[in-house]
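# Summary of the model geometry
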Amino acid sequence: DGVKRPELVCASVACGARTTIALGDDGRAYTFGLRCLGRSFEREEDAKALATPGVVEALHDLVWVGAGERHAAALDDDGVLWLWGSGPAVAYRAREAGVRLPISYALLEATHRVVEAACCWNSVVICAVPWSCADSP
């Protein structure tokens, strides 16, 4: 079709039941699949199924991405965990059924830095350390 597309170099990839999320070497998250979580669309039907990765505009400087059944998560280099999608992992933070765009998981931000995370089917598991220990070797 003659359209020049930027090349995506992946640092890691995570697959959920309905979405795939890739961490680019540029520190950005890219989603594609049956429900392109984290991406803005003017019409809901535009988000149904996309084979081409698209950037999650709200996030940058990421060090990790993960995906569960109906949710995705990302960790930035400041130790902030971002969640979006639907299901128990997101509902606990959002106090609602689901969110399309990323929201920060602020429960620990004042006292702890998230240093590692993992997504499971319906949850996100985190490892956090107190800010006073965050920069210690």
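### Focus on the pattern of salt bridges
- Counted under the stated rule, the structure contains 2 salt bridges.
- A salt bridge links R70 to E69; its shortest N-O distance comes to 3.6 Å.
- Classification of R70 by relative accessible area gives partly exposed; the value is 33%.

### Brief notes about empty space enclosed by the protein
- Taken as a whole, this structure holds 1 cavity of 30 Å³ or more when the rule is applied.
- Size it by volume and the largest cavity reaches roughly 30 Å³.
- Contributing to the lining of the largest cavity are G79, L81, Y105, L108, E109, H112 and V114.
- A per-class count over the lining of the largest cavity returns 4 nonpolar, 2 polar and 1 charged.

### Let's talk about the nonpolar core
- Of all hydrophobic cores here, the largest spans 12 residues; its members are A14, I21, L23, A29, V56, L59, L62, V65, A67, A72, A74 and W84.
- In terms of residues, this core owes the most to one element, strand β5 (residues 62-67), which gives 3 residues.
- Sequence-distant contacts of A29, that is, excluding residues within four places in its chain, are made with I21, A22, G54, V55, V56, L62 and V65.

### Quick notes on the sheet that holds strand β2 (residues 19-24)
- The strand order across the open sheet built from 4 strands is β1-β2-β3-β4, with neighbouring strands paired in antiparallel fashion. In this open sheet, the two edge strands, each paired with only one partner strand, are β1 (10-15) and β4 (50-55). Across the sheet, the mean angle from the axis of one strand to that of its neighbour is 20°, orientation sign disregarded.
- When β2 meets strand β3 (residues 29-33), the two strands line up antiparallel, connected through 5 bridges. Across the sheet, the residue bridging to T20 is F32, located in β3.

### Observations concerning the environment of C120
- Summarising the element assignment, C120 is placed in the loop between β9 (112-119) and β10 (124-130).
- Among the residues examined, C120 registers a relative accessible area of 36% and is labelled partly exposed.
- As for C120 and A67, which are separated by 53 residues in sequence, their C-alpha atoms are 7.4 Å apart.
- Once residues lying within four places of it in the same chain are set aside, the contact partners of C120 are G68, E69, H71 and V125.

Conventions adopted
Residues numbered from 1 in each chain as written. Predicted model: local features only at pLDDT ≥ 70, side-chain atom pairs only at ≥ 80, totals over all residues. Heavy atoms only, no water. Salt bridge = Lys/Arg side-chain N within 4 Å of Asp/Glu carboxyl O. Buried < 20%, exposed > 50% of the residue type's maximum accessible area, 1.4 Å probe, protein only. 1 Å grid on protein atoms, 1.4 Å probe; cavity = no way out; pocket = protein on both sides within 12 Å on 5 of 7 lines; lining within 4 Å. Points joined across faces, edges and corners; volume = space filled by probe spheres on them. Nonpolar A, V, L, I, M, F, W, Y, C, P; charged D, E, K, R; others polar. Core = buried A, V, L, I, M, F, W, Y, C linked by side-chain atoms within 4.5 Å. Helix = DSSP H or I, 4+ residues; strand = E, 2+ residues; numbered from the N terminus. Contact = heavy atoms within 4.5 Å. Pairing = 2+ DSSP bridges. Axes fitted to C-alpha atoms, helices over the stretch in contact; angles between N-to-C directions.

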